[in-house]
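# Coordinate analysis (summary)
Here's the letter readout for the chains.
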Amino acid sequence: MTTTTATTTSAPQRRVKKTRQPQRRRVFSIGSWTFRCLHFRIWDAFLDGMQSFFEGIVLLLGPVLILLALGITTMLSYTFFDILVPMMLEKHEQSSFQWTWVGLHCTWVLFLLVNILFNYFMCVMTRNSGPKYDQVVRELADATGFVFPETPAEVEEYRLEYEDKMTLRIRRRREREMEKNQQQQQEGRTTSTSTSPNHGTVNGNHNNNSDVLLTSTVTTSDAGSSSTSMITHRKQPQPNATTVVNPAPTTTSVRRWMLMGPFEWGFCHNSKQPKPPRSHYDHVTKRLVLNLDHYCPWMFNSIGYFNYRYFVNFLVYVFLGMSYGALLTFEPFMLLQTVEYSTHSKHERAMRQHLPRPQPMIPHRDEKMLISLAFMICAAIGFAILILGGFHVFLVLTAQTTIEFHGNWSKWRRQGNKFRNPYSEGYRKNWRRIYGDQPWFLAVLPSAREPQYLPFPIPGKDTRRFAAASTKIEIIPGNNV
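Computed from a prediction, not measured in an experiment: that's the story for all the values here.

Here is what the cut-offs are and how they apply
- Residues numbered from 1 in each chain as written.
- Predicted model: local features only at pLDDT ≥ 70, side-chain atom pairs only at ≥ 80, totals over all residues.
- Heavy atoms only, no water.
- Helix = DSSP H or I, 4+ residues; strand = E, 2+ residues; numbered from the N terminus.
- Buried < 20%, exposed > 50% of the residue type's maximum accessible area, 1.4 Å probe, protein only.
- Contact = heavy atoms within 4.5 Å.
- Areas by Shrake-Rupley, 256 points an atom, 1.4 Å probe, with all protein chains shown as cover.
- Expected span 1.5 Å × (residues − 1).
- Arc of directions from axis to C-beta.
- Core = buried A, V, L, I, M, F, W, Y, C linked by side-chain atoms within 4.5 Å.
- Disulfide = S-S within 2.5 Å.
- Patch = residues over 30% accessible without salt bridge, like charges linked within 9 Å, V, L, I, M, F, W, Y side chains within 5 Å.
- Salt bridge = Lys/Arg side-chain N within 4 Å of Asp/Glu carboxyl O.
- Lys, Arg positive; Asp, Glu negative; His and termini not counted.
- Charge placed at Lys NZ, Arg CZ, Asp CG, Glu CD.
- Pairing = 2+ DSSP bridges.
- Polar contact = N/O pair within 3.5 Å; in protein donor to acceptor, adjacent residues only side chain to side chain.
- pLDDT = per-residue confidence, 0-100.
- Phe/Tyr/Trp six-rings, centres within 6.5 Å; stacked < 30°, edge-to-face > 60°.
- Lys NZ or Arg CZ within 6 Å of the ring centre and 35° of its normal.

Across its full length, the protein chain holds 10 helices and 14 strands. Out of the 481 residues in the protein chain, the part that is buried amounts to 42%. By sequence separation, contacts in the protein chain at least 24 residues apart represent 67% of the contacts at least 6 residues apart. Accessible surface, the protein chain as shown: approximately 27300 Å² in total, 60% of it carbon and sulfur.

Given below as structure tokens:
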């Protein structure tokens, strides 16, 4: 909060200080034992415990959701082959292309089913760590000219250099925040001077020699930790000017990776190793993941550089399968509300056996639940996957991850049309970075191939795997330094 205080000195003063949280102590007694600890440490320990608890819950949900996904797939497959296929055979009984038409339906469903199961299996089983990760990291180091630390002493030296660099950039960002608040303060003071009839008063009190404390707060966080510092700037107002109480200080939360350039390496405090560009630490799997998008409990895995193609393919094929299933079950589902089905169901209940259908697409009495469930599941999941899958197709075409999308969105709001995504090379090249050089209709077919390109582009260089070792680039400093 901006504060107005009175002072006897007329010379302008400036001071920068960090405000520390009061170290309130809590005392616990158990029998003859007494424990004392700082209050904020108790709160931090509580938050850390809650975070670990929820991360464990999310991790345990993985096997349950995998079984649920397989159960839904089995139920829908059974509904198609055991209920819908006989309906279609009866519907096209008089046609000479009966088996051809039904065969095309079955072929398309099998194609979707194979692609869904393959991409789901690969997305679950492909890990974003291990020898493959180490190999890509070394290729990235060679491509960017980064000297990868080998020994523990070199790692510690690099960590200290990284901390010094981040401290300097955070300090510069705080200074810019302070200057911005000063400008806003000066604009507000100038406006008040030109509009107020009573000069030199604040809420009716004479305050010609008062000082105005300008306060700005910058919150920085990295790997789940955050720190808040407050900067106070003292400036004396102009004589014969109205001093106004300014609005609350601006608070800007920023991640450390947002202070770095697109090709700069950082340091991960959780995994204790250098952090390649576009990589983030996954708190659920406890691993540093290249191009981390998010942790998906349905996949029981983090979605990153090595399995992102499988994830997007899975979403696309699930949407196609759900849409097709909703179309096939729509007619039987609507016929459940007719008088013909009601009469047919009563006769089957009385006879306790299947009777000839009054119409080819009217279900039997014991098929009502599966038809209803299949239609509602296909419609609901298809609509949800349409939104999620469309978003991820957009991310593929614009060379972003979900994490980067949120960061880029905040930069775009701050910089406007001046902001450009440094990893985007156009829709076609962005697609190739995920799917490779194959034609699109071949690239989306089942394949266990590794990514053909490195996780990010190097302007004017070939970033195909194993070809990037001969390319070097100049490290671009962070845009927010």
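There is more to say, and it comes next.
With that settled, the discussion passes to helix 6 (residues 339–351). Since there are 3.6 residues in each turn of an α-helix, residues three or four apart along the chain are aligned in direction. Along its 13 residues, helix 6 runs 18 Å from first to last C-alpha, staying within 8% of the 18 Å computed at 1.5 Å per residue. Within helix 6, the full set of buried residues consists of Y341, H344, S345 and E348. Within helix 6, the buried residues cover an arc of 100° as seen down the axis, which keeps them to one side. The exposed residues of helix 6 that point more than 90 degrees off its buried face are V339, K346 and A350. On the buried face of helix 6, the contacting elements are helix 5 (308–335) and helix 7 (368–397). The positive-phi residue at the C-terminal boundary of helix 6 is R352, with phi of around 60°.

A few words now on the nonpolar core. As a rule of thumb, soluble globular proteins bury nonpolar side chains together. In this structure, F80, M299 and F311 are the most contacted members of the largest nonpolar core, which totals 53 residues. Elements supplying a minimum of two residues to this core: helix 1 (39–91), helix 2 (98–125), helix 5 and helix 7. Not counting residues within four places of it along the chain, the set of residues in contact with F311 comprises C123, H294, C296, M299, I303 and H392. Of all hydrophobic cores here, the second largest spans 27 residues; its members include V137, F267, L290 and F306.

Here the focus is helix 8 (residues 402–415). Given a rise of 1.5 Å per residue, 14 residues ought to cover 20 Å, and the 20 Å separating the end C-alpha atoms of helix 8 matches this to within 8%. Phi turns positive, to about 70°, at G416, one or two residues after helix 8.

For the coordinates displayed, the defined rule picks out 0 disulfides. Note on C123: no disulfide assigned, nearest cysteine sulfur contributed by C296 at a separation of 6.9 Å.

Together, E154, E157, E161 and D164 line one region of the surface with negative charge. For D164, the position within the fold is in helix 4 (residues 152–195). Look at D164 and you get exposed, because its relative accessible area is 55%.

Take the pairing of strand 11 (residues 279–282) next. Consecutive residues of a regular strand have side chains that alternate between opposite faces of the sheet. With 4 bridges joining them, strand 11 and strand 12 (residues 287–290) adopt antiparallel strand pairing. Paired with Y281 across the bridge in strand 12 is L288. With antiparallel pairing between neighbouring strands as the criterion, strand 11 and strand 12 make up a hairpin whose turn holds 4 residues, including K286 at a positive phi of roughly 60°.

Tallying each qualifying case throughout the model produces 14 salt bridges. Salt-bridge contacts for R159 lead to E156; the nearest nitrogen and oxygen are separated by 2.6 Å. Here E156 and R159 lie together in helix 4, a separation of 3 residues that amounts to about one turn. Classification of R159 by relative accessible area gives partly exposed; the value is 23%.

Attention shifts here to the side chain of D293. Mapping D293 onto the fold places it in the loop between strand 12 and strand 13 (294–296). Nearest to the buried, unbridged D293 among oppositely charged side chains is R278, at 8.0 Å. At a separation of 2.8 Å, a polar atom in the side chain of D293 contacts the side chain of T402. Residues contacting D293, with those up to four places away along its chain left out, are I303, Y308, H392, L395, T401, T402 and I403.

Right, let's get into the confidence of the model for the protein chain. Model confidence for the protein chain is summarised by a mean pLDDT of 79, while 74% of its residues fall at 70 or above. Counted against residues more than four places away or in other chains, residues 1–23, with its pLDDT under 50, gives 46 contacts. Below pLDDT 50 for its whole length, residues 199–219 participates in 88 contacts with residues either more than four positions away or in separate chains.

The final tally for this structure, using the stated rule, is 21 aromatic pairs. A ring pair is formed by W108 and F111, whose centres lie 5.7 Å apart and whose planes are at 20°; its orientation type is stacked. Here W108 and its partner F111 are both found in helix 2, 3 residues apart, which amounts to about one turn of the helix. With relative accessibility at 34%, the residue W108 sits in the partly exposed group. Looking at F111, the relative accessible area reads 32%, which means it is partly exposed. Centre to centre, the rings of Y158 and F267 are 6.3 Å apart; their planes meet at 55°, and the pair counts as tilted. Of this pair, Y158 sits in helix 4 while F267 sits in strand 9 (residues 266–268), placing them 109 residues apart in sequence. Given a relative accessible area of 12%, Y158 falls into the buried group. Note that R138 overlies the ring of F148, its terminal NZ or CZ placed 4.3 Å from the centroid.

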